[in-house]
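Observations on the three-dimensional arrangement
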Amino acid sequence: MARWDQILSLPVQNPSNLEFSATELVWSKVEGWRDTIDRVALIPFARVDDFVRGESANKDCPTRFHVEARRKRPPESAYKVKVDGILEYILYWCSFGPDDHRKGGIVRPSRSTYVPKRKPAGRPNTKRGCTCHFIVKRLIAEPSVALVIYNQDKHIDKKGSPCHGPQDKKAEGTRAMYAPYISEDLRLRVLSLLYVGVSVETIMQRHNESVEKQGGPSNRDDLLTHRYVRRQELIIRRSTYELDADDATSTSMWVESHPSFVFFYEEFNDTDPFIIGLQTEWQLQQLIRFGNRSLLACDSRFGTNKLKYPIHSLIVFNSDKKAIPVAWIVGSKCSSLKMHRWMRALYNRVRTKDPSWKLAGFILDDPSVDVFTLRDVFQCTVLVSFWRVRHAWHRNMVKKCLDIRTRAQVSERLGKAVHSLCCGQGSMDLFQSVMDDFHHASDFMDYFKATWYPRLGVWINVLKKLPLASLETSAAMEFYHNQLKIRLLNEDNSDVYQRADWLVDKLGTKVHSYFWLDEYSDKDNFSRYWKDEWASGLTSWRKALQIPDSDVIVEGTYAKVTDQVDQSKSYIVRNPGSEYGTCDCSWATMGNLCEHVLKVIKLYRDRGSTGPSISFTQFNKALMDMLRCPPHDSLIRDHGVSLALFVQTQLSSLISPESRQAATSLSKRQKVDHGLDSGALSIAGHGAQLSGLLNYPAASNNNHRDPDSDNFTALDAMQAVQLSPPGPLFPVDEICAGDLPSANDGDNFLIDPGPDHEEEPTYTNSAAAINSLEDIDQDKSLQEVLMDVESLLKQSPFPAPKSTDQENINLG
């Protein structure tokens, strides 16, 4: 086999780690230049930087690789597509080589003018003759693939001796023992602290204190110098966003100087809108870490009242369920076509980094967004968040409706109208009756009729078709929106709000630094230097969980919640137990969901004084609809069973092993009399219980079978639809949502049953058909949880299927 045929026949290796090294690749030996044997491997060209970072993080010999030589074919030059043609050639060399500036070392003739410094061993870029290097070639035949040639993989000099790192005894006491440069994490930490206003002296003081605590330097980061931090501070101070007087030219120059920050860019022109997608490497890592098998939410049209170019934020939720922005899209307008393009670019970028990445659900807050585009790109379910509308209603209600009781009554009626719409009932008449009954609140009703009444038609359609995001999600998105407003819109000169170059520069530098520090584990060391825009804290939902039940007193039609800081102060919550309750605290008067309202809701649900949330009600309806599928459609039934199995796994992870054993013994007693063999499940009657589903035995055979066969099990259905359950459970309130299309929503069909098949309501392929389990207490045992869910299903308000046959429905 010819050399290039042998190379191109090699598999393209793409490890799932964010960074990977040579030890994680399988290397092949092929015939090289001048009758040598090259050690080669193929990786995606977009992941070359990940390979370089992985090789630099060598524990036995930490280093950094720099580009020693580069050749790139000009994009405008003509060339033939040939097998051995090269688009780009990059030579990466260990930063401790190739020259040797030690005493008696060899310096290449081209570097003969080099003048040794007084203390070369103390310089970060000291050359010690390391021969470790590798070559990356981008081929014309496969532009998306990088050919890596790695023959010299040992960090030794030309004599064959270790020249840096712990194995080099002469490197002890110098920076060559660790690495030539500080780590990327420390560099980001220094830059972020400088951007938010922490002084150089404070950064170095805290750094030196931490090094002394651990007993001296143990890595290269411990050798951080005052000179380096001061140099970074000067660079930040002298930098400017206005690279040109023309905004379009200045923005293009910024994009050229920050290529790694931009994943999509459309320049200013007369026909197409201006759009730029920003995402740093850290944001990409957070998207992969917290977005995989989980939720991705969109905060759209931020700053429409002040900014010339509004911002679309894509956010994920970390382990504390706080929102982290993983991408910003800035543009004059986002048409459906353009939205599809930047979404596709973002999705491709994530999948290039992690091919196994899969989204469980996408939360949108704009009813005009093309849902089909979202489903086509991310291949996931779609939810809708109503927090933005609720926020506007409550904020204006406080301003325009001064009577507290009337305000509470209007809010309660609006909440009931939204609840009815989410359950598939009601129409525009619900809001019309609110305006008729509260005509005496003329100021607010005039605002509602002028601003929202024309838009309600679109919202009604969306609320009826898509599941609603839970309260914890709304609280997190609301908190993020407020933080972005504080950290971005704080300029003295309001003229900069009209420039795109200022916006992209501040998002990529200062605002990014604030959110990076939110995830910084040692940020409390700098708490005394926090400013209002730096301090973040907990979301309202998390604060509500910390309020004890004893601090809530219910008195008739309202509840009193004691302030957690000042015990002598209390807040009045009206419409207690309702998601549209009102409170007189400062956070609620700005239209936000406060911890006092959320605490009262949780307390009422624990006591059974109010019904489940809209999200949980929609989940019950989805589950019941799945159970009522016709007997001939086994795939949909087994898909529903597999979802219930996933619920069992998630609930089991919240309880102790003792409770799980008790639940197992309970499940054995609750098994139905027939239908459990061969992976089939029979449930008596149309009011099937979730506890019966949770007892469904997983099949032991992983082979795919025909969906029409009688032995097609839930595990087979899971494999057939490629069901991928999400990762960490969104505790108490948020898991991942399934899509709840109506019976007429033909675009949501999971499979095509054929032209002779009767149309039935079916469901999209999602990670799980659950959005919220906020009504289930984490402290309960699985047995108690099953009983709670079982009772909820018994009380389901949805009608039974129209069938005279009351025999057992066989779901096998």
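Residues numbered from 1 in each chain as written. Predicted model: local features only at pLDDT ≥ 70, side-chain atom pairs only at ≥ 80, totals over all residues. Heavy atoms only, no water.

**Some remarks on the overall build of the protein chain**
If you tally the helices and strands in the protein chain, you get 25 helices and 19 strands. Taking all 812 residues of the protein chain together, 53% fall into the buried category. Counted over contacts in the protein chain with a minimum sequence separation of 6, partners at least 24 positions apart contribute 69%. For the protein chain, the exposed surface amounts to about 37900 Å²; the carbon and sulfur share of it is 49%. (Helix = DSSP H or I, 4+ residues; strand = E, 2+ residues; numbered from the N terminus. Buried < 20%, exposed > 50% of the residue type's maximum accessible area, 1.4 Å probe, protein only. Contact = heavy atoms within 4.5 Å. Areas by Shrake-Rupley, 256 points an atom, 1.4 Å probe, with all protein chains shown as cover.)

**What to know about the pairing of strand S10 (residues 311–317)**
With seven of seven residues buried, S10 lies mostly within the body of the structure. What you see with S10 is no split at all: Ile-311, Ser-313, Ile-315 and Phe-317 on one side and His-312, Leu-314 and Val-316 on the other are buried throughout. Pairing analysis gives four bridges linking strand S9 (residues 295–302) to S10, with the strands arranged antiparallel. Residue pairing in the sheet places Asp-299 in a bridge with Ser-313 of S10. Two strands pair when backbone bridges link them, and S10 and strand S11 (residues 323–331) are joined in this way by seven bridges, in the antiparallel orientation. Note on S11: the bridge partner recorded for Ile-315 is Pro-325. With antiparallel pairing between neighbouring strands as the criterion, S10 and S11 make up a hairpin whose turn holds five residues, including Lys-321 at a positive phi of roughly 60 degrees. (Pairing = 2+ DSSP bridges.)

**Regarding the UniProt feature "domain: SWIM-type" (unreviewed entry) in the protein chain**
UniProt records the feature "domain: SWIM-type" (unreviewed entry) for residues 571–605 in the present numbering. Taken end to end, residues 571–605 comprises 43% helix and 17% strand; its first and last C-alpha atoms sit 20 Å apart. (UniProt positions renumbered as here; feature names shortened; annotations may be inferred.)

**A word on the packing of helix H4 (residues 200–213) against helix H5 (residues 226–238)**
In a pair of packed helices, the angle between the axes and the distance between the axes together describe the arrangement. The N-to-C vectors of H4 and H5 enclose an angle of 145 degrees; their axes lie 10 Å apart at closest approach. Like other packed secondary-structure pairs, H4 and H5 cross with a definite hand, here right-handed. Where H4 abuts H5, its residues Val-200, Glu-201, Ile-203 and Met-204 lie against His-226, Val-229, Arg-230 and Glu-233. Class assignment of the residues belonging to the contact of H4 with H5 gives a composition of four nonpolar, one polar and three charged. (Axes fitted to C-alpha atoms, helices over the stretch in contact; angles between N-to-C directions. Left-handed = near helix turned anticlockwise from the far one by under 90°. Nonpolar A, V, L, I, M, F, W, Y, C, P; charged D, E, K, R; others polar.)

**Looking at the pattern of salt bridges**
Under the criterion given, the structure shown has 30 salt bridges. One salt bridge connects Glu-209 with Arg-206, and the closest N-O pair in it is separated by 3.9 Å. With Glu-209 and Arg-206 both in helix H4 and three residues apart, the pair spans about one turn of that helix. Residue classification places Glu-209 among the partly exposed residues on the basis of a relative accessible area of 36%. The class of Arg-206 is buried, set by a relative accessible area of 16%. Across the pair Lys-416 and Glu-412 runs a salt bridge, and its minimum N-O distance is 3.6 Å. Of this pair, Lys-416 and Glu-412 both sit in helix H11 (residues 404–422), separated by four residues, roughly a single helical turn. Residue class for Lys-416 comes out exposed when judged on its relative accessible area of 51%. A network of salt bridges, in which partner residues are shared, links Glu-19, Arg-47, Asp-50, Arg-53, Glu-281 and Lys-353. (Salt bridge = Lys/Arg side-chain N within 4 Å of Asp/Glu carboxyl O.)

**Some thoughts on the packing of aromatic side chains**
On inspection of all chains with the given rule, the structure shows 26 aromatic pairs. Ring pairs connect the aromatic residues Phe-386, Trp-393, Phe-431, Phe-444, Tyr-447, Phe-448, Trp-452 and Trp-459, which therefore count as one cluster. Lying over the aromatic face of Tyr-580, Arg-390 brings its terminal NZ or CZ to 5.6 Å of the ring centre. Over the face of the ring belonging to Tyr-558 we find Arg-574, whose NZ or CZ atom lies 5.7 Å from the ring centre. (Phe/Tyr/Trp six-rings, centres within 6.5 Å; stacked < 30°, edge-to-face > 60°. Lys NZ or Arg CZ within 6 Å of the ring centre and 35° of its normal.)

**A word on H4**
In an α-helix, one turn spans 3.6 residues; hence positions three or four apart end up facing the same way. Relative to the 20 Å expected for 14 residues at 1.5 Å per residue, H4 spans 20 Å between its end C-alpha atoms, a close match to the ideal helical length. Turning to H4, its buried residues number three or more, namely Val-200, Thr-202, Ile-203, Met-204, Arg-206, His-207 and Val-211. Immediately beyond the C-terminal end of H4, within one or two residues, lies Gly-215, with a positive phi of roughly 90 degrees. (Expected span 1.5 Å × (residues − 1).)

**Considerations on the sheet that holds strand S17 (residues 582–583)**
What the four strands build is an open sheet, ordered S14-S15-S16-S17; its pairing is antiparallel. At either margin of the open sheet sits one strand with a lone partner, and together these are strand S14 (552–555) and S17. Here strand S16 (residues 570–574) runs beside S17; their pairing, made up of two bridges, is antiparallel. Note that in S17 the partner of Arg-574 across the bridge is Thr-582.

**A closer look at the sheet that holds strand S1 (residues 28–31)**
Pairing in this open sheet of six strands is antiparallel, and the strands run S1-S2-S6-S5-S4-S3 from one edge to the other. Each edge of the open sheet is held by one strand with a lone partner, namely S1 and strand S3 (65–72). The mean inter-strand angle of the sheet, taken between neighbouring strand axes irrespective of direction, is 30 degrees. Relative to strand S5 (residues 133–139), strand S4 (residues 86–94) runs antiparallel, the two sharing seven bridges. Residue pairing across strands places Leu-91 opposite Ile-135, the latter belonging to S5. Seen against the sheet, helix H2 (residues 48–56) touches strand S2 (37–44), S3, S4, S5 and strand S6 (145–152) and runs at an angle of roughly 25 degrees to S6.

**Describing the nonpolar core**
In terms of nonpolar packing, the biggest core is built from 87 residues, with Leu-314, Phe-362, Phe-378 and Trp-393 touching the most fellow members. Apart from the residues within four sequence positions on either side, Phe-362 is in contact with Leu-296, Cys-298, Leu-314, Met-343, Leu-374, Phe-378, Cys-380, Thr-381, Val-382 and Leu-383. (Core = buried A, V, L, I, M, F, W, Y, C linked by side-chain atoms within 4.5 Å.)

**Points about a positive patch on the surface**
On the surface, Lys-306, Arg-395, Lys-399, Lys-400 and Lys-485 cluster together into a positively charged patch. Broken down by element, the positive patch gets its largest block of residues, three residues, from helix H10 (residues 387–400). (Patch = residues over 30% accessible without salt bridge, like charges linked within 9 Å, V, L, I, M, F, W, Y side chains within 5 Å. Lys, Arg positive; Asp, Glu negative; His and termini not counted. Charge placed at Lys NZ, Arg CZ, Asp CG, Glu CD.)

**Concerning the packing of helix H15 (residues 471–488) against helix H16 (residues 500–518)**
As a packed pair, H15 and H16 sit with axes 10 Å apart at the nearest point and diverge in direction by 125 degrees. For the element pair H15 / H16, the angle class is oblique. The element H15 and its partner H16 pack so that their crossing is right-handed. Side by side, H15 and H16 meet where Tyr-480, Leu-484, Arg-487 and Leu-488 of the first sit next to Trp-502, Leu-503, Lys-506, Leu-507, Val-511, Tyr-514, Phe-515 and Asp-518 of the second. Residue classes in the contact of H15 with H16 are distributed as nine nonpolar, no polar and three charged. (Parallel < 35°, antiparallel > 145°, perpendicular 65-115°, else oblique.)

**Comments concerning the side chain of Thr-280**
Positionally, Thr-280 belongs in the loop between strand S8 (275–278) and helix H7 (281–291). Other than its neighbours up to four places away in sequence, Thr-280 contacts Phe-261 and His-512.

**Focus: the environment of Phe-96**
Note that Phe-96 resides in the loop between S4 and S5. By relative accessible area, which is 2% here, Phe-96 ends up buried. If sequence neighbours within four positions are ignored, Phe-96 has contacts with Pro-62, Thr-63, Thr-126, Lys-127, Arg-128, Gly-129, Cys-130, His-164, Arg-175, Ala-176, Ala-179 and Pro-180.

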